[in-house]
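An overview of the molecular structure
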Amino acid sequence: MSLFRNYKEYKSIFFQNDVTELSKEHQEKRFVRAYFDASLDTKVTESWSNRKVIKVFYHEINHIKQVHSFHKAHYATLPFSLFQIKNSHTFFVENYKNFEFQSLEIFRFDAFGREIEALLFLKDFSLSQYNESIYENDDDELPIKEKLFYPNIWKIHEEDMD
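Residues numbered from 1 in each chain as written. Predicted model: local features only at pLDDT ≥ 70, side-chain atom pairs only at ≥ 80, totals over all residues. Heavy atoms only, no water.

**Points about the overall build of the protein chain**
Let me state the cut-off plainly: Per the convention used, a helix needs a DSSP run of H or I reaching at least four residues, while a strand needs a run of E reaching at least two, with both numbered from the N terminus. Radius of gyration: C-alpha atoms only; globule rule: 2.2 Å multiplied by the number of residues to the exponent 0.38. To sort residues, take the accessible area from a 1.4 Å probe on protein chains only and compare it with the maximum for the residue type: under 20% means buried, over 50% means exposed, and anything in between is partly exposed. Any pair of residues with heavy atoms lying within 4.5 Å of one another is described as a contacting pair.
Of the regular secondary structure elements, the protein chain holds one helix and 11 strands. The C-alpha atoms of the protein chain give 17 Å as radius of gyration, which agrees with the globular expectation for 162 residues (15 Å, within 12%). The dimensions of the protein chain, computed from C-alpha atoms along their principal axes, are 45 × 40 × 30 Å. For the protein chain, the residues scored as buried account for 40% of the 162 residues in total. Once local pairs closer than 6 in sequence are excluded, the contacts in the protein chain between residues at least 24 apart make up 24%.

**Some details on the layout of surface pockets**
Here is the rule we go by: In the cavity and pocket records, a cavity denotes points on a 1 Å grid over the protein atoms alone where a 1.4 Å probe fits but cannot get out, a pocket denotes an open set with protein on both sides within 12 Å along at least 5 of 7 lines, and lining residues are residues with an atom within 4 Å of a point. Grid points are joined across faces, edges and corners, and a volume is the space filled by probe spheres set on the points. Only Asp, Glu, Lys and Arg are considered charged, only Ala, Val, Leu, Ile, Met, Phe, Trp, Tyr, Cys and Pro nonpolar, and every remaining residue, Gly among them, polar.
Of the voids in this model, the largest pocket is the one considered here, and its volume is about 570 Å³. As for the largest pocket, its lining consists of 17 residues, and the residues nearest its centre are Phe-15, Phe-112, Gly-113, Arg-114 and Glu-141. In terms of residue class, the lining of the largest pocket is built from six nonpolar, four polar and seven charged. Size it by volume and the second largest pocket reaches roughly 300 Å³. Taken together, 14 residues make up the lining of the second largest pocket; nearest its centre are Ile-13, Arg-30, Val-32, Ser-47 and Phe-57. Going through the elements one at a time, strand 2 (30–37), strand 4 (52–59) and strand 7 (100–109) are the ones with two or more residues in the lining of the second largest pocket.

**Points about the environment of Arg-33**
Test applied: By the criterion applied in these results, polar contacts are pairs of N or O atoms within 3.5 Å in which, for protein atoms, one can donate a hydrogen and the other can accept it, and in which residues neighboring in sequence qualify only through two side-chain atoms.
Looking at the secondary structure, you find Arg-33 in strand 2. Of the residues examined, Arg-33 reaches a relative accessible area of 6% and is grouped as buried. Sequence separation between Arg-33 and Gln-84 is 51 residues, and the spatial gap between their C-alpha atoms is 17 Å. Of note is the side chain of Arg-33, whose polar atom sits 2.3 Å from the side chain of Glu-9.

Encoded structure:
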């Protein structure tokens, strides 16, 4: 169970709003649960899968020391991420495991809230993966094609999504 009762549940970590909020009776196996923690003065989001918390996100915190004791006390065995909104279309996610930096993800979205780019950088900040989503028109919720670039093998993979 979540640490606090005053929480809301959403479809994903991105765009937590009225449109993406789930009802209290939902039956989703994968979802996120968000609450505000006064001691950190920030929103905390738990990622749930099959009725268990699998990862924790701390929103708009710029330094790991702010979450260290809180995370250790409540979620010590779980990985966590620092989630930052850079602008209305770009999110940064710093991923940690055992309080050590693991990777940086950058997500870019279009004006319709659809993911258009995702980049993954490893511990040494080398680019590990680049994804680009291509939509046929403004009304499409899902991409018609995804381009995936893997720098370690210097290969571009294109996948039609039909």
